[in-house]
Amino acid sequence: MKTKTATPAAKKDNQFFVRGNCGSCKARIEKAAASAGADSSSWDADTQIVTLNFDPAKTSADKILKKIAEVGHDNEKYTTKDDTYKNLPGCCLYDRELPLGVKSDLVHHDEEPAVKKDFSAQPLKKDNQFFVRGNCGSCKARIEKAAASAGADSSSWDADTQIVTLNFDPAKTSADTILKKIAEVGHDNEKYTTKDDAYKNLPGCCLYDRELPLGVKSDLVHHEEAAPAPKKDFTQHADHFDKSIEEVRLIRLADATALSRKETSLTFNIGTKELLKAACCNLSESFETNATVDVSFTNAVTGTKQLKMLGLDQKYTSLTKELLPSIRGIAAPYGLNLIPGRWIGGIQLTKGGSTVVNGYESITGQINTELLKFNEQPETAVNFFGDANGRLETNITTTSQLNGKWNQSVLLHGNATLGKKDSNNDGFLDQPTGNQINAAYLLNYNDLEGSGLGTHFGISFVKDERFGGQTAFDKKIDRSQQSAYGVGIDLSRFEIWNKTGYIFKGKPYQSIGWMNQFTTHQQDSFFGNRNYWGNQNTFYSNLVFESIIGNSNNKFKTGASFLYDQYDEDYLTQNYKRTETVPGVFFEYTLTGLKYTLVAGARTDFHNLAGTQFTPRVNFKYDLFDKTILRLSAGRGFRTANVFAESQQYFGSNRQIEILENGGKINGLEPEIAWNYGASLQQEFRLFNRKATLVADFFRTDFQNQVLTDLDISPQKIVFYNLKGESFANSFQTQLDFTPAKNLEMRLAYKYYDVQANFIDGQREIPFMAKNRGFFNASYSTDKTDKGAFWNMDATLQLIGQQKLPNLNANPLEYRIPEYSKSYSTLNAQISRNFNKSIRAYVGGENLLGYTQDNPIIDAENPFGKYFDAGMVYAPIMGANVYFGVDFKF
């Protein structure tokens, strides 16, 4: 690799070369200089020069540089000890073989150096401006309130520059008086230092770094290599409120997948940049480049996809939208298809037990989807999409500000699948034809810094209609008048919700939030001669109060929730009705120490059919070292099984449903109850002189009670019954994210699952779950031009191992399947071109290796016969597919 020519910068008499890399180096160097007697110092990462100001009668450049070397930084007079150098954080390990004054990344990489944050000098100030330390929106509110109480006519504090601008009448007050008052409420400034007790009593989000130079923002120095923290919507200037009342927070995530360092649980934030790496037509396709979630087809006639996490079906993961219950109950089979990908502003994916504040149903984790919100500038986006299989799609989204406190989002989507494709010539369509119309409107109000009030309204409606089955089936002809096997699925869903929060005046650590939602979901469907109709009406309410005990290191949340579900289902000729009412109360305590965070909570829910249920959960995070994080979790969850809706992947068969009732009140069955335990280790380090992250996690789920779906008793039956014995899922995953070269990001992962249950005939593996899975993703972008143009290339390779298949040995030989499936691989890839900030075009392919399952439909020639079964799907049923699209923003 060739190297760039680099020469040291010219120096003045009070300037000296000091080796270093980043903002953490800067803080360490300048702190050492101060401890050696320097009046002030400023180190610049680009020039590698420290500028010293000192009184020669008190100290000398020699003493200061010696002290700088003692803390780990070679300079032109002294060399640090090897042990001291080796103990520096990974981001600070500069190249000791380079000439002094030459920055490491200029020599080692043939590309342009990455953009670095500049901490070399404090921002310029005017006469009425002063440096005041702080972090967030709560700091801003506190500083400006203190200034007003000290007589300022107005004031404005900026978190990025750390500057407060004061306007006041000198006859009534003074800058000195105002800054003294600001220090009294907890904020160091250039004239006064706050008392330790006042500082310690600040909320955790406000605890700025007191050792940094004035005018330097804490998080810029300490986290310059970390992924940007999620930015908030109506709580953008009240960070504490947003973190504490999760049910009223509205998040616009960073533009990449980032594993949160701050979250106590193992949480991945998936941003819009990650979502654009794949076709992402709907939520089920939003995880193609994510190794944590497994996505698979459910059967060979409906073309729907389901998620699996920690080795268990989607139904054990809490799927929320705007932190409100979303894809559950009757919506579970097809609900992922009803959230368009271009509506998604970000996704938060939490593995293992989540907070008790959000309910009791989460067992393997939580996936929360945030819709697009207004962010600083109004934006309208239009997307057109099409693929080789005849699917067309249009998305129109617009976000705008109505005035200083109100903003809105309008989200529109329409799609149609027109192509009729039968690639394996078995007489059945590879995917259904049909269409969807989808619309949502969001209205947000933010006056948290004024009145302390913020609120969010939302309303949405979707209508989706699909037809599949044999190619000869004609949806326009009554089924009784034709012999072809047909499938029809007609869905409609309406939602309306509100989330309102209030921050108490003078108490930024204390807040209250209330969220409410009403949903109605209806499905009218047929699978050959099998009819299924279902309707679910749901009302959900959650009231949360948050405050502290003594100081912000001891926080708590408490509140009450209410869930109402009304189910009405027709299966064949029989009607099934039930109503579930679930009032509940909860309490959650958060203890924050210097290196650890403990979140312990419990809730009690009074279920009218399942009885009183107690749900404890605990999450613990410990920073073993600067770049090493240990997480532990344990918790209980419970849910009621919806056996008809959740087994629709097997409706495309002639299996008969049988329920072995045991006296339970939910279709004759008891509720499902499980414990989940987890441990993970997150390690950040330098690889190829760039940041890399390695995560290894292990989770175990133990079912106390489970509704088992038994496909092995008979090839002609689906039998449901409650667990008698042991059922567990062990999940191990290791994932490495690294950047081997500029603009090239890579992700490697390996997953191992061991999922077993004690069925009627004994202990055996759960079907359709590969024990071993491999994952590789690579993404490369070219540098942006002045007009914002660049190329992006992305590829994802997945290796799926053998899967246990249901036992069909009671069938004739020609209608049997092997005990285990074959291993296979899939490859997805996409190339996109941003012509400027407004126009983007992309082309991609799915399943480019072309692997498809042999004969995915058993006895396809006789769909009304005894042995017909389209539910034995373990691999793709469609070959390679090419898609294209174009985005416009204005």
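Criteria and thresholds
Residues numbered from 1 in each chain as written. Predicted model: local features only at pLDDT ≥ 70, side-chain atom pairs only at ≥ 80, totals over all residues. Heavy atoms only, no water. Helix = DSSP H or I, 4+ residues; strand = E, 2+ residues; numbered from the N terminus. Rg over C-alpha atoms; globule rule 2.2 N^0.38 Å. Buried < 20%, exposed > 50% of the residue type's maximum accessible area, 1.4 Å probe, protein only. Contact = heavy atoms within 4.5 Å. Areas by Shrake-Rupley, 256 points an atom, 1.4 Å probe, with all protein chains shown as cover. Lys, Arg positive; Asp, Glu negative; His and termini not counted. Charge placed at Lys NZ, Arg CZ, Asp CG, Glu CD. pLDDT = per-residue confidence, 0-100. Salt bridge = Lys/Arg side-chain N within 4 Å of Asp/Glu carboxyl O. Pairing = 2+ DSSP bridges. Axes fitted to C-alpha atoms, helices over the stretch in contact; angles between N-to-C directions. Phe/Tyr/Trp six-rings, centres within 6.5 Å; stacked < 30°, edge-to-face > 60°. Disulfide = S-S within 2.5 Å. Patch = residues over 30% accessible without salt bridge, like charges linked within 9 Å, V, L, I, M, F, W, Y side chains within 5 Å. Parallel < 35°, antiparallel > 145°, perpendicular 65-115°, else oblique. Left-handed = near helix turned anticlockwise from the far one by under 90°. Nonpolar A, V, L, I, M, F, W, Y, C, P; charged D, E, K, R; others polar.

**Considerations on the overall build of the chain**
Step number 1: On a plain count of helices and strands, the chain comes out with ten helices and 43 strands.
Step number 2: Its C-alpha atoms give the chain a radius of gyration of 30 Å, near enough to 29 Å, the size a compact globule of 890 residues would have.
Step number 3: Relative to its full complement of 890 residues, the chain shows a buried share of 57%.
Step number 4: The contacts in the chain between residues at least 6 apart in sequence include a share of 64% that link residues at least 24 apart.
Step number 5: Surface exposure of the chain reaches about 36,000 Å², of which carbon and sulfur atoms provide 54%.
Step number 6: If you average the places of the 100 positive and of the 104 negative side-chain charges in the chain, the two averages end up 3 Å apart.

**Some points on the environment of T590**
Step number 1: Tracing the chain through its elements places T590 in strand β27 (residues 574–592).
Step number 2: Exposure remark for T590: the relative accessible area of 17% places this residue in the buried category.
Step number 3: Separated by 155 residues in sequence, T590 and N435 have C-alpha atoms that sit 47 Å apart.
Step number 4: With residues up to four places along the chain from it excluded, the contact list for T590 reads N553, N554, K555, T597, L598 and V599.

**Topic: the confidence of the model for the chain**
Caution is warranted with low-pLDDT regions, since their predicted coordinates should not be read in detail.
Step number 1: Per-residue confidence for the chain averages 88 on the pLDDT scale, and 92% of its residues sit at or above 70.
Step number 2: Every residue in residues 219–255 is under pLDDT 50, and counting partners more than four places away or in other chains gives 136 contacts.

**A short note on the pattern of salt bridges**
Step number 1: In the structure shown here, the tally under the stated rule is 49 salt bridges.
Step number 2: Close ionic contact of R747 with E274 constitutes a salt bridge, the shortest N to O distance being 3.3 Å. Taken together, the positions of R747 in strand β37 (residues 744–759) and E274 in helix α10 (residues 272–275) put the pair 473 residues apart, joining distant regions of the chain.
Step number 3: Given a relative accessible area of 7%, R747 falls into the buried group.
Step number 4: For E274, a relative accessible area of 5% gives the class buried.
Step number 5: In the salt-bridge network here, residues are joined through shared partners; they are K273, E274, K277, D737, E745 and R747.

**Overview of the sheet that holds strand β34 (residues 707–710)**
Pairing between the strands of a sheet is mediated by backbone hydrogen bonds and can be parallel or antiparallel.
Step number 1: Across the sheet, which stays open at both edges, the three strands sit in the order β31-β35-β34 with mixed pairing between neighbours. One side of each edge strand has no neighbouring strand; the edge strands of this open sheet are β31 (656–659) and β34. Strand-to-strand twist across the sheet, computed as the mean angle between neighbouring axes with direction ignored, equals 20°.
Step number 2: Pairing of β31 with strand β35 (residues 717–722) involves four bridges; the strand directions are parallel. Counterpart to I657 in the pairing with β35 is I718.

**Regarding the packing of aromatic side chains**
Step number 1: Counted according to the given criterion, the structure contains 27 aromatic pairs.
Step number 2: Residues Y485 and F864 carry aromatic rings whose centres are separated by 5.5 Å and whose planes lie at 55° to one another, so their mutual orientation is tilted. Residue Y485 is found in the loop between β22 (453–469) and β23 (486–503), and its partner F864 is found in the loop between β42 (839–846) and β43 (881–889); the two are separated by 379 residues along the sequence.
Step number 3: Owing to a relative accessible area of 1%, Y485 belongs among the buried residues under this scheme.
Step number 4: By way of ring pairs, the aromatic residues F527, Y532, Y571, Y576, F644 and F651 are connected into one cluster.

**Section: the state of the cysteines**
Step number 1: Applying the stated criterion across every chain yields a total of zero disulfides.
Step number 2: The thiol of C139 is unpaired, and the distance to the nearest cysteine sulfur, on C206, comes to 3.5 Å.

**Structural notes on a nonpolar patch on the surface**
Step number 1: A surface patch of nonpolar side chains, amounting to about 540 Å² of accessible area, comprises L402, Y441, I459, I496, F518, F539 and F562.
Step number 2: You can see F539 is positioned in strand β25 (residues 530–549).
Step number 3: On the basis of relative accessible area, F539 is assigned to the partly exposed category, the value being 31%.

**Thoughts on the sheet that holds strand β6 (residues 163–167)**
Step number 1: Within the open sheet, the three strands sit side by side as β4-β6-β5. Their pairing is antiparallel. With one partner strand each, in any of the chains shown, β4 (129–131) and β5 (154–158) form the two edges of the open sheet. Each strand axis lies, on average, 20° off the axis of its neighbour in the sheet, ignoring direction.
Step number 2: Of the pairings in the sheet, the one linking β5 to β6 comprises five bridges and is antiparallel in character.

**Structural notes on the packing of helix α1 (residues 23–35) against helix α2 (residues 61–70)**
Step number 1: For the pair α1 and α2, the least separation of the axes is 8 Å and the interaxial angle reads 135°. As summarised for this structure, α1 and α2 are arranged oblique, according to the angle between their axes. Crossing of α1 over α2 shows right-handed handedness. Of α2, the residues touching α1 (which contributes I29, A32, A33 and S35) are I64, K67 and I68.
Step number 2: Within the contact of α1 with α2, the residues separate by chemical class into five nonpolar, one polar and one charged.

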